[in-house]
Amino acid sequence: MRVASLYDIHGNLPALEAVLADVGRSRVDKVVVGGDVASGPLPAQTVEALLALGDRAWFVRGNADREVVEAYDAGRVDAAAESEPARRAAVFAAAALSRDQRDFLAGFSDTVTVNLEGLGETLFCHGSPRDDDEIITAATPPQRLRRILTGVRQRVVVCGHTHQQFDRRLDSYRVINAGSVGVPYEGRAGAYWALLGPGVELRRTEYELEPALARLRGGGFPDLEEMVGESLLDPVDPAWVADFFEGQAEGRSR
Ligand SMILES: [Mn+2]
């Protein structure tokens with residue numbers, strides 16, 4: 001089995017379309033979507049594109065998918081009333097989704113396990129195997145990563161959530177971050193994903209930013225300029241982002 005793993009799309013439909021075209025040329029058996037699909041500029045259209053994959057795709061729940069469903073169920077529809085950007089994005093998405101689309105998100109799995117050619121049993125999760133909101137980066141200290149991996153049976157773990165690709169080894173484990181399709185923190189624009197089996201290929205798909213931005217701006221997403229600024233137009237330094245996330249992780253270490 002050979003899979004394309006697509007994480008952290010965040011409502012960036014033009015980026016998703018570019019990646020799906022690339023995936024179509026890559027002879028994969030399945031697509032694993034690693035969560036955080038709708039929370040962003042074009043929520044409903046992005047969910048429709050994913051639904052169209054049908055049984056070619058498996059879905060892992062991200063923290064943002066969970067927050068969108070929570071916002072939908074609580075009847076929160078006023079994004080402007082939310083002071084925090086992630087909550088604002090969740091409410092914006094919840095207000096855009098239909099009941100069927102909400103049910104689709106609510107049906108995502110905590111984790112997905114796939115037996116991959118050349119890699120063996122591989123665990124796909126969003127943040128970490130135990131928590132969809134837990135941070136793992138290229139800079140996560142071995143002691144903390146070892147605690148996170150305690151009890152994980154699979155030798156290969158694929159995660160996302162921090163929007164930056166890596167492929168690292170610790171003890172007998174290989175931990176891979178597939179990167180972010182929609183909101184990468186890579187220091188360079190593009191749509192980032194991973195092709196798994198037999199090897200690990202960290203991929204970057206280019207797409208034309210100007211027409212993409214015009215479509216994204218049409219969605220009325222409140223934090224669009226900040227989102228595309230820090231990820232695509234004037235990308236922040238990836239090492240700074242990893243340090244920033246590690247600082248957050250330090251604050252709630254266990
Ligand atoms: Mn995310």
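Reference entry: report on the structure contained in this document. If you're wondering where the values come from, they're calculated on a predicted model, not measured in any experiment.

Let's shift gears to the sheet that holds strand 5 (residues 120-124). Across the sheet, which stays open at both edges, the five strands sit in the order 4-5-6-8-7 with mixed pairing between neighbours. On the outer flanks of this sheet lie strand 4 (112-116) and strand 7 (166-170), each paired with one strand and no other. In this sheet, neighbouring strand axes are inclined to one another by 25 degrees on average, regardless of whether the strands run parallel or antiparallel. Direction of pairing for strand 5 relative to strand 6 (residues 156-159): parallel, over a ladder of three bridges. Bridging across to strand 6, L123 finds its partner in V157. Most of the contacts of helix 6 (residues 142-149) go to strand 7, to which it runs at about 85 degrees, and overall it touches strand 6, strand 7 and strand 8 (173-177).

The geometry of helix 1 (residues 13-24) relative to helix 2 (residues 43-51) is characterised by a closest axis approach of 9 Å and an angle of 20 degrees between their N-to-C directions. In terms of their interaxial angle, helix 1 and helix 2 are classed as roughly parallel. The way helix 1 lies across helix 2 gives a crossing that is left-handed. Contacts between helix 1 and helix 2 involve L13, L16 and E17 from the first element and Q45, T46 and A49 from the second. A per-class count over the contact of helix 1 with helix 2 returns three nonpolar, two polar and one charged.

Parameters at a glance
- Residues numbered from 1 in each chain as written.
- Predicted model: local features only at pLDDT ≥ 70, side-chain atom pairs only at ≥ 80, totals over all residues.
- Pairing = 2+ DSSP bridges.
- Helix = DSSP H or I, 4+ residues; strand = E, 2+ residues; numbered from the N terminus.
- Axes fitted to C-alpha atoms, helices over the stretch in contact; angles between N-to-C directions.
- Contact = placed C-beta atoms within 7 Å.
- Parallel < 35°, antiparallel > 145°, perpendicular 65-115°, else oblique.
- Left-handed = near helix turned anticlockwise from the far one by under 90°.
- Nonpolar A, V, L, I, M, F, W, Y, C, P; charged D, E, K, R; others polar.

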